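Summary of the model geometry
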Amino acid sequence: MLFWVFILIIILGTSFLLMPRLITIQQTKSQIIHTISEATYKPVAIVFGAGLWRDGRPTPVLRDRVSTAAELYFDGKVARLLMSGDNRFDHYNEPAAMQEYAISLGIPEEVIVLDYAGRSTYDTCYRAKEIFKVTQAILVTQKFHLPRAIFLCNQFEIESIGVVADQRIYRKSSLTYWNLREIPATFAAWWDAYITKPVPVLGKPEPIFPEESP
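Residues numbered from 1 in each chain as written. Predicted model: local features only at pLDDT ≥ 70, side-chain atom pairs only at ≥ 80, totals over all residues. Heavy atoms only, no water.

With respect to the helices and strands, the residue Thr59 is situated in the loop between strand E2 (44–48) and helix H2 (60–74). Residues contacting Thr59, with those up to four places away along its chain left out, are Ala50, Gly51, Leu52 and Trp53. (Helix = DSSP H or I, 4+ residues; strand = E, 2+ residues; numbered from the N terminus. Contact = heavy atoms within 4.5 Å.)

What follows is the structure, given as structure tokens:
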């Protein structure tokens, strides 16, 4: 009897964790664009951080996000690139590494905006609206991450679409890990958005387009 109760608890717990991920995928699928040519113009591309190597270089996943954002800019789909990542430590500066890589791809420095406090997807979306006054954006990240990113930007009333940044064939083991990680991460995003509503590191507003701000 105890064995079956234990099994039931595991099933119910797994379903409880999995449900936000499944609902989020369903609700956001119409906002996901698979090719740059299909994307409609938005003023800003939000590029989410994805880690650095020990020497400070962007990981392949992050390079793919920056490269996709560069293609959007060159294709006239966006006017500015908001590069958001973690910079809590002196030796770890995601936004600066993203900017350096973007410039190496030919992106003009003046169209790049850096968010040094994008410590999570939630923080990046929150700060995009509150600090940088973004109201419309193309979200640039991998397919596994886009549903959560779109969900959170929707919560902060940023009109957004997501462009898939999968520019290479990733290892199956990595994809499996990333997709499994999205289950608790999406649950946490729901918890933050609907229950706790934490306020990230903020500061003085820095509108990307000052002339449009009230």
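Once that is clear, we can look at helix H5 (residues 146–155). Along H5, eight of the 10 residues are buried, which leaves the element largely enclosed by surrounding structure. For H5, the complete set of buried residues consists of Leu146, Pro147, Arg148, Ala149, Ile150, Phe151, Leu152 and Cys153. Count one or two residues on from H5 and you reach Glu157, which has phi positive near 60°. (Buried < 20%, exposed > 50% of the residue type's maximum accessible area, 1.4 Å probe, protein only.)

Before going further, it helps to spend a moment on the sheet that holds strand E4 (residues 112–115). Read across the open sheet, the six strands follow the order E1-E6-E5-E2-E3-E4; overall the sheet is parallel. The open sheet has two edge strands, strand E1 (32–33) and E4, and neither has a second partner. Packing of helix H3 (residues 94–104) onto the sheet brings it into contact with E2, strand E3 (80–84) and E4, and relative to E4 it is tilted by some 165°. Against the sheet, helix H4 (residues 121–130) engages E2, E3 and E4, with an angle of about 155° to E2. (Pairing = 2+ DSSP bridges. Axes fitted to C-alpha atoms, helices over the stretch in contact; angles between N-to-C directions.)

Taken as a whole, the largest pocket holds about 500 Å³ of empty space. Taken together, 30 residues make up the lining of the largest pocket; nearest its centre are Gly49, Ser120, Thr121, His145 and Arg148. Elements supplying a minimum of two residues to the lining of the largest pocket: H2, H4, H5 and helix H6 (172–196). No other element matches the seven residues that H6 contributes to the lining of the largest pocket. Of the residues that constitute the lining of the largest pocket, the class distribution is 11 nonpolar, 10 polar and nine charged. (1 Å grid on protein atoms, 1.4 Å probe; cavity = no way out; pocket = protein on both sides within 12 Å on 5 of 7 lines; lining within 4 Å. Points joined across faces, edges and corners; volume = space filled by probe spheres on them. Nonpolar A, V, L, I, M, F, W, Y, C, P; charged D, E, K, R; others polar.)

We now examine the nonpolar core. Ile46, Leu82, Val134, Leu139 and Ile208 are the most contacted members of the largest nonpolar core, which has 29 residues in total. If you tally residues by element for this core, the top one is H5, at six residues. Beyond its immediate sequence surroundings of up to four residues, Ile208 is in contact with Val44, Arg80, Leu82, Val113, Phe132 and Val134. By size, the runner-up hydrophobic cluster in this structure holds 26 residues, among which are Ile36, Leu72, Leu81 and Ile138. (Core = buried A, V, L, I, M, F, W, Y, C linked by side-chain atoms within 4.5 Å.)

It is the contact of H5 with H6, at a shortest axis distance of 10 Å, that shows an interaxial angle of 5°. The orientation of H5 with respect to H6, classified from their angle, is roughly parallel. Residues Arg148, Phe151, Leu152 and Gln155 of H5 form the contact with H6, whose own contacting residues are Glu182, Ala185, Thr186, Ala189, Trp190, Ala193 and Tyr194. Of the residues belonging to the contact of H5 with H6, the class tally is seven nonpolar, two polar and two charged. (Parallel < 35°, antiparallel > 145°, perpendicular 65-115°, else oblique.)

Of all the 10 residues making up H4, nine are buried; the element is thus mostly covered by neighbouring parts of the structure. Along H4, the residues that are buried comprise Thr121, Tyr122, Asp123, Thr124, Cys125, Tyr126, Arg127, Ala128 and Lys129. Lining the buried residues of H4 we find E2, E3, E4, H5 and H6.

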